[in-house]
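Structure assessment
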Amino acid sequence: ELKGICGKGVHNVNLKLHKGEILGIAGLLGSGTIELSKMVYGAIPMESGEILINGERKDCSSPKKALKAGIGFVSDDRKQEGLVLIRNIRENVSMSSLDKITTGIHLDKKRETENISAQVKRMNIKISSLNQLAGKLSGGNQQKVVFAKVLEADPSILILDEPTRGVDVGAKAEIYQIMDELTKAGKSIILISTDLPEVIGMSDRVVIMREGHTVLEIGKSEMNQEIILAYASGGVSENE
């Protein structure tokens, strides 16, 4: 649950996310959707507000703290924020879960290889080896490596910013399938996307944002592109 979240570009946002659901957040560029997601993950500062998980207030003032609280994050910019392109797949995937495979300063290479190989298989990532550089992969495979990295940390809540931007149709379908599997396993997802068919097709509920405020929440049966665009663009006010 988000209570009164405020920060740069975000004004008094209140949201509830339920176990096993996909909550879509839709808005035009500059509506505050991406800023909100990065505040919840601690990547940009939150000026005021509370984040509660199962009714308990959590400190998510940094990505490390957010990850510890059980929040995973897939950035809208995989090349700048999701991956280290000059490092290999092994290093990229294990980056957010090193505490699971280290004892003191010792890295358990065998366990790391097993864990990462399982994620590569699960995500159907096309690679020549775990030592292949992330920057040499196609866009779809790079995005699947970002997902593998986040899933390896095993968060209970995932925030996905534009999760299928710049990937081909096949990779899109595979990412949607993974999202479905995650919610069936009891994980919860916040999906932030400017791709309206994606938001409508994947979300159980959609919250629409405009100029940093939430302006409307709609259920599955009410969702259509016209309503979302009308409220997101300011063609309709929240009082109408």
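Shown above is the structure to which this text applies.
Along each chain, residues carry numbers from 1 onward, in the same order as the chain's sequence is written. Where local features are concerned, this predicted model is filtered to residues with pLDDT of at least 70; where side-chain atom pairs are given and counted, the filter is 80 or more; whole-chain, interface and lining totals use all residues. No hydrogens and no water enter the side-chain calculation; it runs on all heavy atoms of the structure.

**A closer look at the packing of helix H6 (residues 109-123) against helix H7 (residues 139-152)**
- Comment: axis = line fitted to C-alpha atoms, over the contacting stretch for helices; angle = value between 0 and 180 degrees taken between N-to-C directions. Put simply, DSSP marks the helices as runs of H or I at least four residues long and the strands as runs of E at least two long, and each gets a number from the N terminus on. Closest axis-to-axis distance for the H6/H7 pair is 10 Å, and the angle between their directions is 130°. Between H6 and H7, the angle falls in the class oblique. Note that H6 runs across H7; the crossing there is right-handed. Facing H6, whose interface residues are Asn115, Gln119, Arg122 and Met123, H7 presents Lys144, Phe147, Ala148, Leu151 and Glu152.
- Gly is put with the polar residues, along with every residue not named as nonpolar or charged; the nonpolar set is Ala, Val, Leu, Ile, Met, Phe, Trp, Tyr, Cys and Pro, and the charged set is Asp, Glu, Lys and Arg. Of the residues assigned to the contact of H6 with H7, the class counts are four nonpolar, two polar and three charged. Roughly parallel means an angle under 35 degrees; roughly antiparallel means over 145; roughly perpendicular covers 65 to 115; every other angle is labelled oblique. By definition, turning the near helix anticlockwise from the far helix through less than a right angle yields a left-handed crossing, and turning it clockwise yields a right-handed one. In what follows, a contact means two residues having at least one pair of non-hydrogen atoms within 4.5 Å.

**Observations concerning helix H1 (residues 33-40)**
- The buried count for H1 comes to seven of eight residues, which makes it a mostly enclosed element.
- For H1, the set of buried residues is Thr33, Ile34, Leu36, Ser37, Lys38, Met39 and Val40. Between buried and exposed lies partly exposed: a residue is buried under 20% and exposed over 50% of the maximum accessible area for its type, with that area taken using a 1.4 Å probe on protein chains only.

**Some thoughts on the pattern of salt bridges**
- We count a salt bridge whenever a side-chain nitrogen from Lys or Arg sits within 4 Å of a carboxyl oxygen from Asp or Glu. Scanning the entire structure with this criterion turns up 15 salt bridges.
- The salt bridge involving Arg205 is made with Glu217; its shortest N-O contact spans 3.0 Å. In this pair, Arg205 sits in strand E11 (residues 205-210) while Glu217 sits in strand E12 (residues 213-219), placing the two residues 12 residues apart along the sequence.
- Given the relative accessible area of 13%, Arg205 is considered buried.
- Here Glu217 falls in the partly exposed class, since its relative accessible area comes to 45%.
- Put simply, Lys38, Asp76, Glu81, Glu162 and Arg165 are held in one network by salt bridges that share partners.

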